Amino acid sequence: PEQRSMAGEEKTAPEFSLPPWLLTMARPLAMEFIGTFFLCLTIAMNADSSLAPLGVGGVLIAMVFMGGKVSGAHYNPAVTLAVALCGKIDWVKAGFYVIAQVAASFVAGIVGAIVAGSLGRPAGYPTVSATSGPFSALLCEFLFTFILAKVVLNVAGHSKRENNSFFGLAIGLTVFAGAVAVGGVSGAALNPAVGTGLPMVQGDFSYFWIYWIGPGLGGATAALLFWATNGDEFALEYYMPAMATKLVKDISPYLMEGIGTFFLTMVASMSSSQPLGPLAVGAILIAMVFMSGHVSGSHFNPAVTAAVYSNKAMELKTASFYVLSQLIGALLAGMVSYFLAGYDMGYPTVSSIPAAILMEMLFTFALAITVLHTGKPSDEGTENSYYGLAIGMTVFAGITACGDISGGAFNPALGTALPLFRGEFIYLWIYWLAPLVGGVAAAGVYAITKPDEVYIDLEAERKSKGGE
């Protein structure tokens, strides 16, 4: 603005501006504070709500989409650790991120306590179940923070996936599924800031160490795995011998298949008795598909692999290793679920054999044909923004439609592992026969409805690998 001096001369008032370095730092720190604040406030205000997991996942989806371009939308010290270990953010900035996140959790805890207290109700915060114990809680926090950080790195931290429009959905749905599956065990903080500020404002200092050690180890493990399974992102040939680099590249798809199947199976077991259980299974599948579509194709299911193989889109050797990886992942999930829940673990079972066979076959058909039609990259080689949503929602719909008839497995790996750990063997044949028939039938129908398309061009894939 211009001002006139007493002599009538015009002069310009000095303008206030922050130093560039401070402005550069202030913007992402403000965003990290805002996003973490609303995440924690949503938790604090949902103490007695059966929809709390949905609210927490929903606000995280919104905050990630809002702040992704400004700060990377971490809102979680464990995620910041994973990102820093991958070299995506410098350590000084990462330290300030953590300070902003923890400060936001305390402020949100205070606001939540004041508002909830004025209404005569408690403020929510994560805590460990009295029937579970610290080790079970630590395991849950480690596992689901690991997969959260892995999802973040794969959907938002990979340079070739920077412009996707599903990153916020995948991240928020991972937290939602984790909250449904293990909220009753560890409180499902999956975030050191959430597990520090909210409990401490309420005077609970008992378990904050769990919410730092478990998520911290989970974030670090996710960073290591991201580094190992995304060699094109880090030029592994500069760090490893050529043989080791090739080995890592070759096993990456199998590793991702095992991890995705593990979390799909664990969420199915640990959430089976809850009203939000079917949605949690669909949500974790959506997140897993978006996480690893560019690495393995995201089958997580022998019946889907059978459909892809029947469409002449992969070799028998590769398909066999996919199925083996899926079975190992499912069996490990069954073991962990049994450790956490004992005989209360969920598992699919049959109420009517003829109806179960039909339903497992039909909904596996729907799942497999959805994968075949939506999972193919576009002509430009880029991912569409909906394939994970379509696949996960198919499973969600199937569970709601016939979960009480067939158990809603639609997956031989899941339908084998969970009943085995419960000592139930009688219906295993159904969970292999019906889904495999449905998957192969889907491949046949796909060949008719899309005769000019090939799901994956094996020859082009072979040439891209140097004629291996």
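Attention in this report is confined to the structure presented alongside it. (Residues numbered from 1 in each chain as written. Predicted model: local features only at pLDDT ≥ 70, side-chain atom pairs only at ≥ 80, totals over all residues. Heavy atoms only, no water.)

1. Observations concerning helix α3 (residues 77-85)
The element α3 is largely enclosed, with a buried count of seven among its nine residues. Buried residues along α3 sit in contact with α4 (91-118), α5 (134-156) and α8 (210-229). Near the N-terminus of α3, the side chain that reaches the backbone nitrogen of A78, with its oxygen 2.9 Å away, is that of N76. Positive backbone phi, at 75°, marks G87, one or two positions downstream of α3. (Buried < 20%, exposed > 50% of the residue type's maximum accessible area, 1.4 Å probe, protein only. Helix = DSSP H or I, 4+ residues; strand = E, 2+ residues; numbered from the N terminus. Contact = heavy atoms within 4.5 Å. Polar contact = N/O pair within 3.5 Å; in protein donor to acceptor, adjacent residues only side chain to side chain.)

2. A closer look at the nonpolar core
Counting 120 residues, the largest nonpolar core has F144, I147, F263, M266 and M288 as its most contacted members. Those residues in contact with M288 that sit more than four places away from it in its chain are I147, V151, G260, F263, S298 and F300. (Core = buried A, V, L, I, M, F, W, Y, C linked by side-chain atoms within 4.5 Å.)

3. A closer look at the packing of aromatic side chains
In the structure shown here, the tally under the stated rule is 15 aromatic pairs. Ring geometry for F135 versus F339: centroids 5.9 Å apart, planes at 85°, classification edge-to-face. Residue F135 is located in helix α5, and its partner F339 is located in helix α13 (residues 316-341); the two are separated by 204 residues in the primary sequence. Overall, F135 belongs to the exposed group, its relative accessible area being 57%. Accessibility expressed as a relative area gives 44% for F339, which makes it partly exposed. Where F290 meets Y387, the ring centres are 5.2 Å apart and the plane angle is 85°; that geometry is what we call edge-to-face. With F290 in helix α11 (residues 277-292) and Y387 in helix α15 (residues 387-406), this pair connects stretches of sequence that are 97 residues apart. Residue F290 is classed as buried on the basis of its relative accessible area of 0%. Look at Y387 and you get buried, because its relative accessible area is 6%. (Phe/Tyr/Trp six-rings, centres within 6.5 Å; stacked < 30°, edge-to-face > 60°.)

4. Remarks on a nonpolar patch on the surface
Taken together, the side chains of V107, I110, V111, I114, V115 and L119 present a nonpolar region at the surface, about 480 Å² in accessible area. Counting through the fold element by element, I110 comes out in helix α4. (Patch = residues over 30% accessible without salt bridge, like charges linked within 9 Å, V, L, I, M, F, W, Y side chains within 5 Å. Areas by Shrake-Rupley, 256 points an atom, 1.4 Å probe, with all protein chains shown as cover. Salt bridge = Lys/Arg side-chain N within 4 Å of Asp/Glu carboxyl O.)

5. Section: the packing of helix α12 (residues 302-310) against α13
Closest axis-to-axis distance for the α12/α13 pair is 9 Å, and the angle between their directions is 170°. As far as their axial angle goes, α13 and α12 are roughly antiparallel. Residues P302, T305 and Y309 of α12 form the contact with α13, whose participating residues are L316, A319, Y322, V323 and Q326. Among the residues forming the contact of α12 with α13, the class breakdown is six nonpolar, two polar and no charged. (Axes fitted to C-alpha atoms, helices over the stretch in contact; angles between N-to-C directions. Parallel < 35°, antiparallel > 145°, perpendicular 65-115°, else oblique. Nonpolar A, V, L, I, M, F, W, Y, C, P; charged D, E, K, R; others polar.)

6. Considerations on the layout of surface pockets
In this model, the second largest pocket occupies a volume close to 680 Å³. What lines the second largest pocket is a set of 36 residues, among which A52, P53, V56, A179 and G187 lie closest to the centre. Breaking the lining of the second largest pocket down by element, the ones donating at least two residues are α1 (20-44), α2 (52-71), α5 and α6 (167-186). Counted by class, the lining of the second largest pocket contains 25 nonpolar, 11 polar and no charged residues. (1 Å grid on protein atoms, 1.4 Å probe; cavity = no way out; pocket = protein on both sides within 12 Å on 5 of 7 lines; lining within 4 Å. Points joined across faces, edges and corners; volume = space filled by probe spheres on them.)

7. A look at the packing of α6 against α11
Running from amino to carboxyl end, α6 crosses α11 at an angle of 140°, the nearest separation of the two axes being 8 Å. By the angle between their axes, α6 is oblique relative to α11. Between α6 and α11 lies a crossing whose hand is left-handed. Residues L169, A170, L173, T174, F176, A177 and V180 of α6 touch α11, and the partners they reach there are G277, L279, A280, A283, I284, I286, A287 and F290. By residue class, the composition of the contact of α6 with α11 is 13 nonpolar, two polar and no charged. (Left-handed = near helix turned anticlockwise from the far one by under 90°.)

8. Digging into the side chain of S325
With respect to the secondary-structure elements, S325 resides in helix α13. By relative accessible area, which is 12% here, S325 ends up buried. At 2.8 Å, the side chain of S325 forms a polar contact with the backbone oxygen of F321. Non-local contacts of S325, meaning those with residues more than four positions away in its chain, are made with Y254, E257 and G258.

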